[in-house]
Structure formats: structure tokens, C-alpha cells
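Tertiary structure, described
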Amino acid sequence: MEVDFQPEDSSSFREGIELGGVKDMRSEADAVVSDVLFAVNEMYVSQSLDSALDVAYINVETRETNRYCLELTEAGLRVVGYAFDEVNEDLNTQYHETIYSLLDTLSPGYREAFGNALLQRLERLQQTGH
């Protein structure tokens, strides 16, 4: 199951802040964290690893308590380490276009939390008649 949208109000998601035609990946990383924090144990933009306009690093602990360091670039997101603030240059992991796709492959607990949030949202919409 690949999920590429947020069950909550997705208006908070930003495609990136353009600065002279280049996305600011630090701002994009902040948006990524805020979009999926509800479905993981812990997630934050790394303060130890240097982020730049073209790259940012995100630490995430899944509901299964697995820890990852993610790299965010124009190419997408990928796992670069199996601990917080770890970048292993020898890893050759797949890029994902969205955080939803990446977490869907890493965490059954994410899929469950996402599905539950979507169901709750649909139930609220049904109750309000919208």
C-alpha cells in the first residue's frame, strides 16, 4: 500500500520554499516533520548534521522503535543511516518522492496510524454532512 497524501488537512504541506529557483530543504524538512509526526514515535530535523539549501537530514523513530536518519534533497527522501544523526556514505538506498511512501515501506505502525487517522477524518466528515 503506497500512500501519498495526508489524511488531515493537507493545507499545511508545502512543496518547498523557492529561493532563486532552489527549494530551501531546511524549511521543507520542517514541513515533512509536521505532516507525519502523528504517526511516528519521534521525528525532528537534525541539529547535529549540517543542512543547507539543497539538503536536510531528518531523524525518525518509527512506532516499531526503529531509528533512521533520512536525507531530503530535490531527488526525494532516502535512508542514509540506521541511527539518529548517522550518515553512512556506503548505503545505496532507494529515493522516495514523499515521506508517506518512505514511511509506508519502513513501518507497519505508520500504515496503521495513517489508516486510523484517515478513518477518523472520514467519520468526522460523515457526521458533519460534508
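Here is a short report on the structure shown in this document. (Residues numbered from 1 in each chain as written. Predicted model: local features only at pLDDT ≥ 70, side-chain atom pairs only at ≥ 80, totals over all residues. Heavy atoms only, no water.)

Taken across its 6 residues, strand β4 (residues 56-61) has 6 buried, putting it largely inside the fold. Alternating residues of β4 divide into A56, I58 and V60 and Y57, N59 and E61, and every residue in both groups is buried. Sheet topology note: the strand β3 (residues 42-45)/β4 ladder contains 4 bridges and is antiparallel. Looking across to β4, one finds that E42 is bridged to E61. Both β4 and strand β5 (residues 67-73) contribute to a ladder of 6 bridges, which runs antiparallel. Looking at β5, one finds that A56 is bridged to L72. Here β4 folds back onto β5, and the loop between the two strands holds 5 residues, one of which, T65, carries a positive phi near 65°. (Buried < 20%, exposed > 50% of the residue type's maximum accessible area, 1.4 Å probe, protein only. Helix = DSSP H or I, 4+ residues; strand = E, 2+ residues; numbered from the N terminus. Pairing = 2+ DSSP bridges.)

This part is about the nonpolar core. In this structure, M43, I58, L70, I99 and L103 are the most contacted members of the largest nonpolar core, which totals 25 residues. Mapped by element, the contributors of at least two residues to this core are α1 (25-36), β3, β4, β5, β6 (76-81), α2 (99-106) and α3 (108-128). (Core = buried A, V, L, I, M, F, W, Y, C linked by side-chain atoms within 4.5 Å.)

Right, let's get into the packing of aromatic side chains. Using the criterion set out here, one finds 3 aromatic pairs in the structure. Ring centres of Y68 and Y82 lie 5.9 Å apart, and the angle between their planes is 65°; on these two criteria the pair is classed as edge-to-face. Residue Y68 is located in strand β5, and its partner Y82 is located in the loop between β6 and α2; the two are separated by 14 residues in the primary sequence. On the basis of relative accessible area, Y68 is assigned to the buried category, the value being 9%. Where Y110 meets F114, the ring centres are 5.8 Å apart and the plane angle is 40°; that geometry is what we call tilted. Linking Y110 with F114, this pair stays in helix α3, spanning 4 residues, or about one helical turn. F114 shares its class with Y110; the two are buried. Its end group placed over the ring of F84, R67 keeps NZ or CZ at 4.1 Å from the ring centre. (Phe/Tyr/Trp six-rings, centres within 6.5 Å; stacked < 30°, edge-to-face > 60°. Lys NZ or Arg CZ within 6 Å of the ring centre and 35° of its normal.)

Nothing here speaks to function; it is all geometry.
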